[in-house]
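One letter stands for each residue in the lines below.
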Amino acid sequence: MKIYMFEHCSLCFRVRMAAALKRLHLQEVVVLDDDTDTMVGLVGKRVIPILVKDDGQPMLESMDMVNYVDSRGEPALTGPERAEIAAWADQFIQRSAPLTMPRYPLLGLPEFGTVAALDHYNRRKRKVFGDFVELRADTRRYISQLMPDLETLDRLIERPHAVNGALSLDDVRVLPLLRSVAVVKGLRFPQKVRDYFESMMSHIGYRPLPTV
Ligand SMILES: N[C@@H](CCC(=O)N[C@@H](CS)C(=O)NCC(=O)O)C(=O)O
C-alpha cells in the first residue's frame, strides 16, 4: 500500500495512524504542494490523501482508507464511537485552522521543499484563510478561543490509550487534529489531552511535528 500525502495533512495522518496501530507497512510518498500533476495522474483531480492499494486501485476518502487498512488482519479500531467526538472534531478542525495553516509553511516540511511549492501553498491558502503574518500576530486570541474546545475534549477523554476507552474510529478523528494544533508553540494542552496525545503518539511511534 502506498499513500500520497502531505506531512502536515491531518487526513493523511488518519491513515498513517491506522497503519501504525497495526504495525502495517505503508509506503509514504510526500507530494510537493505544487505537484498537482501527480494527483491528477492518479485520480483525475487535486486531492490528498490518495491511498493506492496493492492491486493498484486508488482510494480517495480518508475514512474509507482507514477502514480498509484496519480490515487487513485483526481489526484494531473495534471500540465504540460517540457522536460528541465526531461533532467535536468537525468543529475543532475549523477553529484550529487560523493557528495551524499559517504555521505549516514555517516547519521545513518536505511538501514545501522547493520555493515554488512553498509559494504555491502560501498563495492559495492566504486567499482562504487571510494574511499569514496577521493570523500569527493574533496567536494569543486564537489560542484563547480554542481553549474551551480543548477543555471539552479533556472532559470527553476516557483513557490515555483510547478516547472512548477502547481504540475506535474516534481516535482517528481526534489524534491527527491534536498533532496539527500541537505545532503552536505556547499552546498548552489540558492534562488529560496531553496524556492522551503523548501516549497515543508514543504508541504509534510518531514524533510530533516541529513547533513554531
Ligand atoms: N474527503 C477527503 C477530503 C480530502 C481533502 O479535503 N483533502 C484536502 C486537504 S489535505 C486537499 O486535498 N487539499 C489539496 C490542496 O491543498 O489543494 C478525505 O477525507 O480524504
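Residues numbered from 1 in each chain as written. Predicted model: local features only at pLDDT ≥ 70, side-chain atom pairs only at ≥ 80, totals over all residues.

Q: Account for the packing of helix 1 (residues 10–21) against helix 3 (residues 62–70), naming residues and giving values.
A: Orientation of helix 1 relative to helix 3, taken along the N-to-C sense of each, is 5 degrees, at an axis distance of 9 Å. Between helix 1 and helix 3, the angle falls in the class roughly parallel. Together, L11, R14, V15, A18 and A19 of helix 1 and S62, M65, V66, V69 and D70 of helix 3 make up the contact between the two elements. (Axes fitted to C-alpha atoms, helices over the stretch in contact; angles between N-to-C directions. Helix = DSSP H or I, 4+ residues; strand = E, 2+ residues; numbered from the N terminus. Parallel < 35°, antiparallel > 145°, perpendicular 65-115°, else oblique. Contact = placed C-beta atoms within 7 Å.)

Q: Summarise helix 3; cite the residues concerned and give the values.
A: Listing the buried residues of helix 3 in full gives S62, M65, V66, V69 and D70. All buried residues of helix 3 project into a common sector of 130 degrees when viewed along the axis, lining one side. Contacts made by the buried residues of helix 3 are with helix 1, strand 3 (50–52), strand 4 (58–59) and helix 8 (169–181). (Buried ≥ 20, exposed ≤ 12 C-beta atoms within 10 Å, placed from the backbone. Arc of directions from axis to C-beta.)

Q: Tell me about unusual backbone geometry, and please be specific about residues and values.
A: Going from I48 to P49, the amide bond is cis rather than trans, its omega being 5 degrees. Summarising the element assignment, P49 is placed in the loop between helix 2 (36–43) and strand 3. Look at R23: it is not a glycine, yet its phi comes out positive at around 55 degrees. Since 10 C-beta atoms lie within 10 Å of it, R23 is described here as exposed.

Q: Give me the lowdown on the environment of Q27, citing residues and values where you can.
A: Here Q27 lies in strand 2 (residues 27–30). The exposed category is assigned to Q27, around which 10 C-beta atoms lie within 10 Å. For the pair Q27 and L11, spaced 16 residues apart in sequence, the C-alpha separation works out to 16 Å.

Keep in mind these values describe shape, not function.
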